[in-house]
Amino acid sequence: MNLFDLDLDSGTGTIFRNDTKPYRVFTLCKKNLSSFSDNGENREKPKPFEGNNNRQLVNEICNVLESGPWGPSSETALSSLNLSPQPELVISVLRRLKDVNLAIDYFRWFERRTEVPHCPESYNSLLSLMSRCGKFESLEHILGEMSVAGFGPSVNTCIEMVTTCVRSNKLKEGFDVLQMMRKFKFRPAFSAYTTLIGALSIANRSDTMLTLFQQMQELGYEPTVHLFTTLIRGFAREGRVDSALSLLDEMKSSSLDADTVLYNVCIDCFGKVGKVDMAWKFFHEMEANGLKPDEVTYTSMIGVLCKANRLGEAVEMFENLEKSRRVPCTYAYNTMIMGYGSGGKFEEAYSLLERQRAKGSIPSVIAYNCILTSLRRMGRVEEALRLFEEMKKDAAPNLSTYNILIDMLCRAGKLDSAFELRDSMEKAGLFPNVRTVNIMVDRLCKAQKLDEACSVFEEMDYKVCTPDEITFCSLIDGLGKVGRVDDAYKIYEKMLDAECRPNSVVYTSLIRSFFNNGRKEDGHKIYKEMISQRCSPDLQFLNTYMDCMFKAGEPEKGRAMFEEIKARGFVPDARSYSILIHGLIKAGFANETHELFYSMKEQGCVLDTRAYNIVIDGFCKCGKVNKAYQLLEEMKTKGFEPTVVTYGSVIDGLAKIDRLDEAYMLFEEAKSKRIELNVVIYSSLIDGFGKVGRIDEAYLILEELMQKGLTPNVYTWNSLLDALVKAEEINEALACFQSLKEMKCTPNQVTYGILINGLCKVRKFNKAFVFWQEMQKQGMKPSTVSYTTMISGLAKAGNIAEAGSLFDRFKANGGVPDSACYNAMIEGLSNGNRAMDAYSLFEETRRKGLNIHSKTCVVLLDTLHKNDCLEQAAIVGAVLRETGKAKHAARSWITSFGDDKFWRSLEERAPCAVEEEAKN
């Protein structure tokens, strides 16, 4: 048995279920409500509420209701009016009111006051008010009451509710209205369904559209050709060809014959998604079914062929159309002209213009705009300006014409000409629209002429046009990119003042700008502001925010953002994982690459070239070079060409673990693929060959680098210098350093450190000190290794004053000398006969828990003995005897003196010191 009883779109009928049983008792007035079985068809309708007295009563009620918020005073005032229980009165009041909540309060009060249930028309009037106000919060409750009462919304009310949602672009609310009606077993009107399906088709919401279509079939509605046309158009526009064809087959199986409109839609939509052969099939099928192609059919087919670069077939189609017509088809001419323009065949386009003119049809502004659009795409500015002057003979340029030309001039950097054209546009009686402003603001921002862009924005005439989200977004992004973040934020505030709701793109620009300018705290505030403004972040925003946090040195917050992406219901894409892996690599967590890579695979992420590069780099950084090599091969098999970044990561990884022959083979492979190798890759090989002592090969790589016209950077030179120093080829290293300076490459802290270490290694301490002084003159801060090396070198060379000064400066600057540095200073002071200074440093070394060499103790002991510092000598001697090699060292020292008389006399003359040291 059918659950629903209602003639389709009868207009005045009532939609309700006939199997519903009441859940609360109504005292039904027979004159107002009929029994449930008559479906409302024989129900007596409320009479029109006529007469001056009645109108006055409605006015009085409305005045009471609108005088202030609902409360006891409102109820008292209404009660004093002595209202009779007339449904017509309620209906008239509800039609006058504009506040849903106030209307419901009155609705409930009347019901309590009169103890008479409301009639269907009263409920429909209330639903109609909800529609007008766009507020459906109480819809479920009202429909529930209607269901219990045994009647439902009228057809017109149902259509009104959905139509209102569609007009205000609240498609989800419209869908919810229909689902709520279904929940209470009401049958939504056919037109309500078709209206919403049409809107969903335009909004590319095909799945929701199909759900509604299936509900219509469940309700027993017979779909029409027009409905199928709407559905097929929606799916075809989204490129979902299989679903569109399935609907077409379903229509044919329903014994519905396709009409010209449906074929035109199929030709146009399937052609636009690249299915040209299918469009041809529909064209021929149409003729086979006895339908004559019209102008729209030919024009659509011509447009499809032009877009597919099949100009020959398009021309043939155009000529066939021309033969069958006495009057030229303007739309076909415009489409063909655009086709010629897109294909760069401007002579043919101009010829077609002349042909149209010769047939007595003056080319329209659209035809000229088509050519101008193509000229803009190809950057032919001068030709476009000539055509602009010529077109004035046939058609007056419109706003689109001026916008095309202004955009073209701005792209070409001819900003002054663009401003002149804008002024001439106003003289012609046309005023810039928001698109004109958006073009100028965007192009000026990209040309970094921000003051001019701000001027265009400030000069907008709000009476003619107002800025939209694109205007604000372009300006915010442009200002942020040049570091004017405070100005960008002011524009954002103006956007809020203009009641233009910022979208996720605006917040993405703001947050990126603040982070890029080192203001990460302000960046975090922007995120909080976005949430407070109830703007839902999209995946692109969250990815950008995560990237900013990693780049700002906040890896833990970056990790947390990755988890938030998942918590918000998004599936992390390849970019999400790429940002996470890259950020963790930079933060020193490259060892996590392996786990994240497999998580990425499990999620079904499709890796692009950038993602492959980042993952490969991560594997190389954590020493998993074999895995990186495998990914490189996988990348090739999946059709992704490795880039210079890919090869650079793997070559560097191989070079660092001394697999230089493999690295060099990969280097040659990259060259054979004509990949432009950069200095970084050459430097990786030079560093690798240098570290294993293959200096000749390193030199050959350097020579090839320079032959390619590349300039070695400081890292390249440092790699070569380090190799030469380790091979103790110091003279060659000095010559290399001279070449570095001759090539205008500025040495850095590492460069000087390598040279100082090398010179000290071959005991050229004075030369090393010269480089030390040169380094400081350049304003560079020496590293701890450089300080230690230089101090040790100066001390060993006997330059105690310089060594001591350097040692004190190093500690004053927060440096922490190591054991080697202390031992070198102690030996240097001892050799310079500064016994007590050496001993003081000896005590400092012991307090810091650093190791004192046996040789250092021997040298210090000798100095203390010569200066008759016997107590201190006894302590040093005790330390020497306690070390692992003390016995051997003491014997060597005693042998140098000939006998052990000194050692015994030392113990006799300083027994307390020796005893105390023994305790320690």
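Nothing here was measured: the structure is a model prediction, and the numbers come from that model.

What follows is about the overall build of the chain. For the chain, the count of helices and strands is 51 helices and zero strands. Sequence-distant contacts in the chain: of pairs separated by 6 or more residues, those separated by 24 or more amount to 62%.

For the structure on display, the rule yields 30 aromatic pairs. With a centroid separation of 5.4 Å and an interplanar angle of 70°, the aromatic rings of phenylalanine 190 and tyrosine 221 are classed as edge-to-face. Linking phenylalanine 190 in helix 9 (residues 190–202) with tyrosine 221 in the loop between helix 10 (206–218) and helix 11 (225–237), this pair joins segments that are 31 residues apart in sequence. With relative accessibility at 7%, the residue tyrosine 221 sits in the buried group. When the ring centre of tyrosine 221 is taken as origin, the NZ or CZ atom of arginine 187, which lies over that ring, is 4.4 Å away. Here the basic side chain of arginine 559 rests over the ring of phenylalanine 589, its NZ or CZ set 5.1 Å away from the ring centre.

End to end, helix 39 (residues 714–726) covers 18 Å across 13 residues, agreeing with the expected 18 Å (1.5 Å per residue, within 8%). Along helix 39, the residues classified as buried are Thr716, Trp717, Asn718, Ser719, Leu720, Leu721, Ala723, Leu724 and Val725. Taken together, the buried residues of helix 39 touch helix 37 (679–691), helix 38 (695–707), helix 40 (730–742) and helix 41 (749–761). Its side-chain oxygen 3.1 Å from the backbone nitrogen of tyrosine 715, asparagine 713 forms the N-cap of helix 39. Looking one or two places after helix 39, you find glutamate 728, whose phi comes out positive at around 60°.

We now examine the confidence of the model for the chain. Scored by pLDDT, the chain has a mean of 82; 89% of the residues are at 70 or more. Of all secondary-structure elements in the chain, the lowest mean pLDDT belongs to helix 49 (residues 886–897), at 47, while helix 29 (residues 539–551) reaches the highest, 93. In this model, residues 1–50 is a region of pLDDT below 50 whose contacts with residues beyond four sequence positions or in other chains number 102 contacts. Per-residue pLDDT stays below 50 along residues 893–899; that stretch engages in eight contacts with residues further than four places along the chain or on separate chains.

Here we come to the pattern of salt bridges. Tallied over the entire structure, the rule returns 61 salt bridges. Among the ionic pairs, aspartate 268 bridges to lysine 272, the shortest N-O distance being 3.3 Å. Of this pair, aspartate 268 and lysine 272 both sit in helix 13 (residues 260–272), four residues apart, which is roughly one turn of that helix. Between lysine 691 and aspartate 687 there is a salt bridge whose closest N-O contact spans 2.7 Å. Residue lysine 691 and its partner aspartate 687 are both found in helix 37; the two are separated by four residues, about one turn of the helix. Residues joined by salt bridges that share partners form a network here, namely Arg376, Asp407, Arg411, Asp442, Arg443 and Lys446.

The residue glutamine 448 is not glycine, and still its phi comes out positive at about 60°. Among the secondary structure elements, glutamine 448 is positioned in the loop between helix 23 (434–446) and helix 24 (450–458). If you check the backbone angles, arginine 534 has positive phi at about 60° while not being a glycine. Among the structural elements, arginine 534 can be located in the loop between helix 28 (520–532) and helix 29. By relative accessible area, which is 71% here, arginine 534 ends up exposed.

Where helix 25 (residues 469–481) contacts helix 27 (residues 504–516), the two axes come as close as 9 Å, and the packing angle between them is 10°. With respect to helix 27, the axis of helix 25 lies roughly parallel. Residues Cys473, Ile476, Asp477, Gly480 and Lys481 of helix 25 touch helix 27, and the partners they reach there are Val505, Val506, Ser509, Leu510, Arg512 and Ser513. Of the residues belonging to the contact of helix 25 with helix 27, the class tally is five nonpolar, three polar and three charged.

This part covers the packing of helix 26 (residues 485–497) against helix 27. Taken N-terminus to C-terminus, the directions of helix 26 and helix 27 make an angle of 155°; their axes are 10 Å apart at the nearest point. If you check the angle between helix 26 and helix 27, you find them roughly antiparallel. Crossing handedness for the pair helix 26 and helix 27: left-handed. Listed contacts from helix 27 to Val485, Ala488, Tyr489, Tyr492 and Met495 of helix 26 are Val506, Tyr507, Leu510, Ser513 and Phe514. Taken together, the residues of the contact of helix 26 with helix 27 break down into nine nonpolar, one polar and no charged.

Before going further, it helps to examine the side chain of asparagine 438. Relative to the elements of secondary structure, asparagine 438 occurs in helix 23. Residue classification places asparagine 438 among the buried residues on the basis of a relative accessible area of 9%. Once residues within four sequence positions are removed from consideration, asparagine 438 is found in contact with Asp468, Ile470 and Thr471.

A word on helix 26. With 13 residues, helix 26 ought to run about 18 Å at 1.5 Å a step, and its terminal C-alpha atoms sit 18 Å apart, in line with that. Contacts made by the buried residues of helix 26 are with helix 24, helix 25, helix 27 and helix 28. Just past helix 26, the residue glutamate 499 takes up positive phi, approximately 60°.

Here the focus is the environment of aspartate 573. One can find aspartate 573 in the loop between helix 30 (555–567) and helix 31 (574–586). Judged by its relative accessible area of 29%, aspartate 573 falls in the partly exposed class. Counting along the chain gives 30 residues from aspartate 573 to glutamine 603, while the straight-line C-alpha distance between them is 8.5 Å. Setting aside anything within four residues of it in sequence, one finds aspartate 573 in contact with Leu539, Asn543 and Cys605. Here serine 576 takes part through its side chain, which lies 2.7 Å from a polar atom of the side chain of aspartate 573.

Definitions and cut-offs
- Residues numbered from 1 in each chain as written.
- Predicted model: local features only at pLDDT ≥ 70, side-chain atom pairs only at ≥ 80, totals over all residues.
- Heavy atoms only, no water.
- Helix = DSSP H or I, 4+ residues; strand = E, 2+ residues; numbered from the N terminus.
- Contact = heavy atoms within 4.5 Å.
- Phe/Tyr/Trp six-rings, centres within 6.5 Å; stacked < 30°, edge-to-face > 60°.
- Buried < 20%, exposed > 50% of the residue type's maximum accessible area, 1.4 Å probe, protein only.
- Lys NZ or Arg CZ within 6 Å of the ring centre and 35° of its normal.
- Expected span 1.5 Å × (residues − 1).
- Polar contact = N/O pair within 3.5 Å; in protein donor to acceptor, adjacent residues only side chain to side chain.
- pLDDT = per-residue confidence, 0-100.
- Salt bridge = Lys/Arg side-chain N within 4 Å of Asp/Glu carboxyl O.
- Axes fitted to C-alpha atoms, helices over the stretch in contact; angles between N-to-C directions.
- Parallel < 35°, antiparallel > 145°, perpendicular 65-115°, else oblique.
- Nonpolar A, V, L, I, M, F, W, Y, C, P; charged D, E, K, R; others polar.
- Left-handed = near helix turned anticlockwise from the far one by under 90°.

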